[in-house]
Amino acid sequence: MIHLDGSRVYDLPAQERDEVVKREHAHAHELIAAGVLKHIWRVPGQRGNVGIWSAADADALESVLASLPIRPYADLKVTPLATHPLTLEAAENHG
C-alpha cells in the first residue's frame, strides 16, 4: 500500500503544475493497464491518495515510483502488505 501526498506540486507555477498533473494522470493510466497500480482511493480533505501497487520486488517498485512525473513533488509512505490467513481460508471455503 502506498500513501502518496502530492501537495507540493501545487507550489509550482500553474502552467508547470498543470503539465506535471497531466503527465501523472497519463502515466497512472499506463500503470493501471500494466497491472502495477491495482486500486487507488482519494483521501478526503487531502491532496493525496492511497493505492494498492504490485511489483516483483522492492527494486521494481522503486523503479516504478521513480518514474512518476509527480515524484519530485510527492511524499510517499510505502507499507508492504502480505496475505492474511483469513483471506486464504475464505478462498478455500468458497473456491
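Scroll up to find the structure.
Parameters and conventions
- Residues numbered from 1 in each chain as written.
- Predicted model: local features only at pLDDT ≥ 70, side-chain atom pairs only at ≥ 80, totals over all residues.
- Heavy atoms only, no water.
- Phe/Tyr/Trp six-rings, centres within 6.5 Å; stacked < 30°, edge-to-face > 60°.
- Lys NZ or Arg CZ within 6 Å of the ring centre and 35° of its normal.
- Pairing = 2+ DSSP bridges.
- Helix = DSSP H or I, 4+ residues; strand = E, 2+ residues; numbered from the N terminus.
- Axes fitted to C-alpha atoms, helices over the stretch in contact; angles between N-to-C directions.
- Salt bridge = Lys/Arg side-chain N within 4 Å of Asp/Glu carboxyl O.
- Buried < 20%, exposed > 50% of the residue type's maximum accessible area, 1.4 Å probe, protein only.

> Explanation requested: the packing of aromatic side chains in the structure shown.
When we look at a pair of aromatic rings, we describe it by the centre distance and by the angle of the planes. For the coordinates displayed, the defined rule picks out 0 aromatic pairs. Over the ring of tyrosine 10 we find arginine 47, and its NZ or CZ is 3.8 Å from the ring centre.

> Where do I start with the sheet that holds strand β4 (residues 75-78) in this structure?
In any sheet, the strands associate via hydrogen bonds between backbone groups, in a parallel or an antiparallel arrangement. Pairing in this open sheet of 4 strands is antiparallel, and the strands run β2-β3-β1-β4 from one edge to the other. Strand pairing shows two members of the sheet lacking a second neighbour, β2 (37-42) and β4, which therefore form its edges. On average, adjacent strands in this sheet sit at an angle of 20° to one another, irrespective of strand direction. Note: strand β1 (residues 2-5) against strand β3 (residues 48-53), 4 bridges, orientation antiparallel. Within β3, the residue paired with leucine 4 across the bridge is asparagine 49.

> Before we go on, may I ask you to explain the pattern of salt bridges in this structure?
When charged atoms on two side chains of opposite charge get close, those side chains can pair. In the structure shown here, the tally under the stated rule is 3 salt bridges. For aspartate 75, the salt bridge goes to arginine 8, with nearest N and O atoms at 3.1 Å. Taken together, the positions of aspartate 75 in strand β4 and arginine 8 in the loop between β1 and α1 (14-33) put the pair 67 residues apart, joining distant regions of the chain. The partly exposed category is assigned to aspartate 75, whose relative accessible area is 45%. By relative accessible area, which is 35% here, arginine 8 ends up partly exposed. Where arginine 17 meets aspartate 18, a salt bridge forms, and the shortest distance between an N and an O atom there is 3.4 Å. Given a relative accessible area of 45%, aspartate 18 falls into the partly exposed group.

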